[in-house]
Amino acid sequence: MSYYRLMIWYLKGRKEYTRIGYEAASKHFCEDDLKVDCKGKVYVITGANSGIGKCVALDVAKRGGCVHMVCRNPQYAETAKNEIVEASGSKDVYIHILDLSVPRDVVKFANEFQETVNSCDVLVNNAGCMLHEKQVDGDGLEKNFATNSLGTHILTKKLMPLLKKTDKSRVVTVTSGGMLLQKLSHEDIQLEKMVPFDGTTAYSQQKRQQVTMTEMYAKEYPEVHFSVMHPGWADTPAVRSAMPSFYEKMKDTLRTPEQGADTALWLAISDKALQHPSGLFFQDRAPVSIHLPLAWTRSTDAEKEIFMNQMNELMKKFDDSHT
Ligand SMILES: NC(=O)c1ccc[n+]([C@@H]2O[C@H](COP(=O)([O-])OP(=O)(O)OC[C@H]3O[C@@H](n4cnc5c(N)ncnc54)[C@H](OP(=O)(O)O)[C@@H]3O)[C@@H](O)[C@H]2O)c1
């Protein structure tokens, strides 16, 4: 990665991604955008026990939406659910235990969800991780990739029949501005050639992959509204544990989890969000560029197709019904 690109990104981040950035951007927000009645709608939110996902889940529950929390850890999930139920006064909150890094379990969850709940208005792909030690499972999947990219892809594709049959359905994916540092690695999608392994680079690459996936889904499924967003730099458990030195340096300037979650919520519930074309990347309730100025991060349509074909081939390995 070029030093120039990193410098530009860091300076942009200090200005836009911090709490000050949020406060400046939010002066242009329209308060009424979030005055929405979510009653009668089903929201599936991954990583809803913590940080940004939990804030979105709570705000949807407060507005009467039916919340399905997709979480990895039963104890964390139960604690968060109790807090959401208490703070929102809604009992329409359900837990599903799923480790998104296990593709067979993602397929099983989605099949069961179709059979039991059989409805999905909004999917929020929020769960994510940045592991610094390389972990590869028996199927050859690196864990960051399995969670951030493949898990997100399989869940989105598998819930598509439900999303497609619902009017004004949406998929919101929480990416990271770190993706601006990466060009899509369309052939080596798991960065197997990266030696030594670097978790931060892998994470940024997968966040770029989520942006490409969103763009490609929008073309493939015009009936559904897709968006992908950067929360800014928010004080959450993931930032504290995965980026301790960044956290130490930046902790006084970070956004609150609620500020980080604002655009994800806005994309998930507001009418305004639907006025934007499907497939765009958002920051603070506005579509923004997916490339830094003069950065060599653009991919051709053919490269994006090669990447998506590989994602679909991988998915097929775990889901016989996917063709
Ligand atoms: N906070 C920021 O500044 C920032 C900046 C850019 C992007 N993001 C993105 O925002 C999203 C939410 O992160 P956060 O900052 O709110 O951190 P967080 O509070 O730590 O939330 C991360 C969530 O993802 C879940 N998760 C991780 N791996 C999983 C897996 N294999 N299966 C199921 N769930 C899994 C975690 O579950 P456990 O509780 O069980 O670990 C947790 O609920 C992530 O996609 C992250 O990349 C955050």
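Look above for the structure.
The present account deals with the structure reproduced in this document. What you see as residue numbers is a count from 1 along each chain, following the sequence as written. Owing to the predicted nature of the model, reporting of local features is limited to residues with pLDDT of at least 70; listing and counting of side-chain atom pairs is limited to 80 or more, with chain, interface and lining totals taken over all residues.

Moving on to helix 5 (residues 103–116). Here helix 5 contains 14 residues, and its C-alpha end-to-end distance of 20 Å stays within 8% of the 20 Å for a straight helix at 1.5 Å per residue. Burial in this document is a count-based property: other C-beta atoms within 10 Å of a residue's C-beta are tallied, and the residue is buried at 20 or more, exposed at 12 or fewer, or partly exposed in between, with C-beta positions derived from the backbone. Numbering of helices and strands runs from the N terminus; a helix is a DSSP stretch of H or I covering at least four residues, while a strand is a stretch of E covering at least two. Three or more residues of helix 5 are buried, namely Pro103, Val106, Val107, Phe109, Ala110 and Phe113. Down the axis of helix 5, the buried side of the element spans an arc of 165°, and every buried residue falls inside it. Projecting away from the buried face of helix 5 at angles above 90 degrees are the exposed residues Arg104, Glu112, Glu115 and Thr116. One less than the number of residues in a helix, times 1.5 Å, gives the span that helix is expected to have. In this description, one arc is meant: the one made by directions from the helix axis to the C-beta atoms.

Once that is clear, we can look at the packing of helix 6 (residues 143–158) against helix 13 (residues 301–318). Each packed pair of helices is defined by two parameters, the angle between the axes and the distance between the axes. Note on geometry: axes are lines fitted to C-alpha atoms, helical ones only across the stretch in contact, with angles between N-to-C directions running from 0 to 180 degrees. Where helix 6 contacts helix 13, the axes come no closer than 10 Å and their chain directions differ by 75°. The orientation of helix 6 relative to helix 13 falls into the category roughly perpendicular. In this structure, helix 6 uses Leu150, His153, Ile154 and Lys157 to contact helix 13, whose residues at the interface are Met311, Leu314, Met315 and Phe318. Polar here means any residue other than Ala, Val, Leu, Ile, Met, Phe, Trp, Tyr, Cys and Pro, which are nonpolar, and Asp, Glu, Lys and Arg, which are charged; Gly is therefore polar. Here the residues of the contact of helix 6 with helix 13 sort into 6 nonpolar, 1 polar and 1 charged. Oblique is the label for any angle not covered by the other classes, which are roughly parallel (under 35 degrees), roughly antiparallel (over 145) and roughly perpendicular (65 to 115). Contact between two residues is assigned when their C-beta atoms, built from the backbone, lie within 7 Å.

The next point concerns the sheet that holds strand 2 (residues 66–71). Spatially, 8 strands are ordered 3-2-1-4-5-6-7-8 in an open sheet, and the strand pairing comes out mixed. Two strands bound the open sheet, and with one partner strand each, they are strand 3 (93–97) and strand 8 (286–287). Any two strands with at least two DSSP-identified bridges between them are counted as paired. Bridge count between strand 5 (residues 170–174) and strand 6 (residues 225–230): 5 bridges; the pairing is parallel. Paired with Arg170 across the strands is His225, a residue of strand 6. Packed onto the sheet, helix 6 meets strand 4 (122–125) and strand 5 and runs at close to 175° relative to strand 4.

Let us now look at the pairing of strand 2. Among the 6 residues of strand 2, 6 are classified as buried, and the element is accordingly described as predominantly covered. Side chains Cys66, His68 and Val70 project from strand 2 onto one buried face, and the interleaved Val67, Met69 and Cys71 project onto a second face that is buried too. Bridge analysis of strand 1 (residues 42–46) against strand 2 gives 5 bridges, and the strand direction is parallel. Paired with Thr46 across the bridge in strand 2 is Val70. When the strands point away from the viewer and the path from the first strand over the helix to the second turns clockwise, the crossover is right-handed. The β-α-β motif built from strand 1, the intervening helix 3 (residues 51–62) and the parallel element strand 2 has right-handed crossover chirality. Bridging between strand 2 and strand 3 involves 5 bridges; their strand directions are parallel. Bridging across to strand 3, Met69 finds its partner in Ile95. The parallel pair strand 2 and strand 3, bridged by helix 4 (residues 74–88), forms a crossover whose chirality is right-handed.

A residue counts as near a molecule or strand when its C-beta atom, positioned from the backbone, falls within 6 Å of it. Near the ligand you find 29 residues, and of these Gly47, Gly51, Gly128, Thr236 and Ala238 are the closest. At the level of elements, helix 3 and helix 9 (237–242) are the ones that each hand at least two residues to the shell around the ligand. Of the residues that constitute the shell around the ligand, the class distribution is 13 nonpolar, 14 polar and 2 charged.

Let us now look at the pairing of strand 7 (residues 280–283). Each regular strand displays side chains that alternate between the two surfaces of the sheet. Where strand 6 lies against strand 7, 4 bridges are found, and the strand directions are parallel. Bridge pairing links Ser227 to Leu280 in strand 7. In terms of strand pairing, strand 7 meets strand 8 through 2 bridges, oriented antiparallel. Bridge pairing links Gln283 to Ala286 in strand 8. Taken together, strand 7 and the strand that follows it, strand 8, pair antiparallel across an intervening segment of 2 residues, in which Asp284 is found at a positive phi of about 45°.

To continue, consider the nonpolar core. The term nonpolar core refers to a group of buried residues, namely Ala, Val, Leu, Ile, Met, Phe, Trp, Tyr and Cys, whose C-beta atoms join them within 7 Å. Core analysis: the largest hydrophobic core is formed by 84 residues, its most contacted members being Tyr43, Ile45, Val56, Ala57, Met69, Ala264 and Ala268. Other than its neighbours up to four places away in sequence, Ala57 contacts Ile45, Ala48, Val67, Met69 and Ile84.

A few words now on helix 11 (residues 257–269). For helix 11, spanning 13 residues, the distance from its first C-alpha to its last is 18 Å, which sits close to the expected 18 Å at 1.5 Å a residue. If you look at helix 11, its biggest bend is around 35°, right at Thr263. With 12 of its 13 residues buried, helix 11 lies for the most part within the structure. Every buried residue belonging to helix 11 is among Pro257, Gln259, Gly260, Ala261, Asp262, Thr263, Ala264, Leu265, Trp266, Leu267, Ala268 and Ile269, and all of these are buried. The bend at a residue is defined as the angle formed between two axes, one fitted to the seven residues ending at that residue and one fitted to the seven starting there.

Attention now goes to the environment of His153. Note on placement: His153 falls in helix 6. Distance in space between the C-alpha atoms of His153 and Asp262 is 23 Å, their sequence separation being 109 residues. The contacts of His153, once residues within four sequence positions are left out, are Met213, Met311 and Met315.

With that settled, consider the packing of helix 3 against helix 11. Here helix 3 crosses helix 11 at 55°, and the two axes come no closer than 8 Å. Taken together, the axes of helix 3 and helix 11 are oblique relative to one another. Like other packed secondary-structure pairs, helix 3 and helix 11 cross with a definite hand, here right-handed. For the pair helix 3 and helix 11, the contacting residues are Gly51, Ile52, Cys55, Val56, Asp59 and Val60 in the first and Pro257, Glu258, Gly260, Ala261, Ala264, Leu265, Ala268 and Ile269 in the second. Across the contact of helix 3 with helix 11, the residue classes tally to 10 nonpolar, 2 polar and 2 charged. By convention, the crossing between two helices is left-handed when the near helix turns anticlockwise from the far helix through less than a right angle, and right-handed when the turn is clockwise.

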